[in-house]
Amino acid sequence: MRRDVNGPGGSGSPKFAFVAWLAARDRLSTMDRISKWDHRVDETCVLCKREPESRNHLFFECVFSASVWEHLTKGILLSNHSNVWQDIVFIISDERMEGKKRYCLRYAFQAAIHAIWRERNKIRHNEKALPITAVMKMVEKGVRNKLSILRTKRVKG
Ligand SMILES: [Zn+2]
C-alpha cells in the first residue's frame, strides 16, 4: 500500500490523522464547545480534574497531556519544547526542520492527540482509563514501530 508521507500532517495512520485534523480545526467536542449550547455541563477536564477542558488544554497544557507530550518529544525538541498548541503547530510546520525529525514529531503529535482523546472519552463514558505511564508507553511504542517500519522500507527500497 502506498502511503503519502508528505501529505496533510505527514501521517501514516488515517485514524490518528483524522482526530488531529479535527483538533486542528477545533472541532472535537471538548467541553468548552459543548457548554456553549448546554450550560448545565461540567466543563472540568476529566484528566486533571482541575481546569476547564478545551482543545488547548487537552493538547497539551493539561498536566496529564503535558507529561505524555514531554515524554515523547523533549528529547527531539530540547530547548524548543513547548506544550502550547500554537507553538507546537508552528514547530511541526517548520519546513527548515530536518525531514526525518519533522516526520517523527508529526507522527508523535497525531499519536499523542489520538491517545489522549481516547483516554478522555473512556473516562467520560465511565470506562476504565489507563494509568498515565501506560498511555506514555503505548504512544511511544507506536512511534517507535512507525519509525522501524520506515527504516525497513528504506533498506528494501
Ligand atoms: Zn486537564
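Residues numbered from 1 in each chain as written. Predicted model: local features only at pLDDT ≥ 70, side-chain atom pairs only at ≥ 80, totals over all residues. Heavy atoms only, no water.

We now examine the environment of Ser148. On the secondary structure map, Ser148 appears in helix H7 (residues 132-156). Only 2.9 Å separates the side chain of Ser148 from the backbone oxygen of Asn145, close enough to count as a polar contact. (Helix = DSSP H or I, 4+ residues; strand = E, 2+ residues; numbered from the N terminus. Polar contact = N/O pair within 3.5 Å; in protein donor to acceptor, adjacent residues only side chain to side chain.)

Quick look at the nonpolar core now. Within the largest apolar cluster, 41 residues are counted, with the highest numbers of intra-cluster contacts made by Phe59, Phe60, Phe109, Ile113 and Val143. Within the residue set of this core, elements represented by two or more residues are helix H1 (14-24), helix H3 (55-61), helix H4 (63-77), helix H5 (85-92), helix H6 (99-124) and H7. Top contributing element to this core by residue count: H6, with 12 residues. Apart from residues no more than four positions distant in its own chain, Phe59 is found in contact with Ala23, Leu28, Asn83, Trp85, Ile113, Ile116 and Trp117. (Core = buried A, V, L, I, M, F, W, Y, C linked by side-chain atoms within 4.5 Å. Buried < 20%, exposed > 50% of the residue type's maximum accessible area, 1.4 Å probe, protein only. Contact = heavy atoms within 4.5 Å.)

Before going further, it helps to spend a moment on unusual backbone geometry. Omega for the bond connecting Phe59 with Phe60 falls within 30 degrees of zero, at 0°, which places this linkage in the cis form. Checked against the element boundaries, Phe60 lands in helix H3. Even without glycine at this site, Asp26 takes up a positive phi of about 50°. Along the chain, Asp26 turns up in the loop between H1 and helix H2 (31-34). Backbone geometry places Asn126, a non-glycine residue, at a positive phi of 60°.

In this section: the coordination of the zinc ion. Distances from the zinc ion to its protein donors, Cys45 (SG), Cys48 (SG), His57 (NE2) and Cys62 (SG), fall at 2.1 to 2.3 Å. Coordination at the zinc ion comes from 4 donor atoms whose angles at the metal span 103 to 114°, giving a geometry best classed as tetrahedral. Written as a sequence motif, the donor arrangement for the zinc ion is C-x2-C-x8-H-x4-C. In this pair, the class of Cys48 matches that of His57, namely buried. (Donors = N, O, S within 2.8 Å, 3.2 Å for Na, K, Ca; no water. Tetrahedral: all angles 85-135°; square planar, octahedral: opposite > 155°, others 65-115°.)

On to the side chain of Arg120. Here Arg120 shows up in helix H6. Arg120 gets classed as buried once you look at its relative accessible area, which sits at 4%. In this structure Arg120 touches Ser29, Thr30, Met31, Val46, Leu47, Glu53 and Leu58, once residues within four positions along its chain are discounted.

The next point concerns the confidence of the model for the protein. The predicted model of the protein has a mean per-residue pLDDT of 87, with 90% of residues at 70 or higher. Of all helices and strands in the protein, the one with the weakest mean pLDDT is H7 (82), whereas H3 scores best (98). (pLDDT = per-residue confidence, 0-100.)

Before going further, it helps to spend a moment on the packing of H4 against H6. Relative to each other, H4 and H6 sit at 170°, their axes nearing to 10 Å. Regarding the angle of H4 to H6, the classification is roughly antiparallel. Contact residues: H4 offers Ser65, Val68, Trp69, Leu72, Thr73, Ile76 and Leu77, while H6 offers Lys101, Cys104, Leu105, Ala108, Phe109, Ala112 and Ile116. Taken together, the residues of the contact of H4 with H6 sort by class into 11 nonpolar, 2 polar and 1 charged. (Axes fitted to C-alpha atoms, helices over the stretch in contact; angles between N-to-C directions. Parallel < 35°, antiparallel > 145°, perpendicular 65-115°, else oblique. Nonpolar A, V, L, I, M, F, W, Y, C, P; charged D, E, K, R; others polar.)

All right, on to the pattern of salt bridges then. In this structure the tally under the stated criterion is 8 salt bridges. Here Arg120 and Glu53 are joined by a salt bridge, their closest N and O atoms 2.8 Å apart. Remark: Glu53 occurs in the loop between H2 and H3 and Arg120 occurs in helix H6; sequence separation between them is 67 residues. Accessibility assignment for this pair places Arg120 and Glu53 in one class, buried. Its salt-bridge partner being Glu140, residue Arg144 comes within 2.9 Å of it at the nearest N-O pair. Taken as a pair, Arg144 and Glu140 lie in helix H7 at a separation of 4 residues, close to a single helical turn. Taking relative accessible area as the criterion, Glu140 reaches 23% and is therefore assigned partly exposed. Salt bridges sharing common partners tie together Glu53, Arg120 and Arg124. (Salt bridge = Lys/Arg side-chain N within 4 Å of Asp/Glu carboxyl O.)

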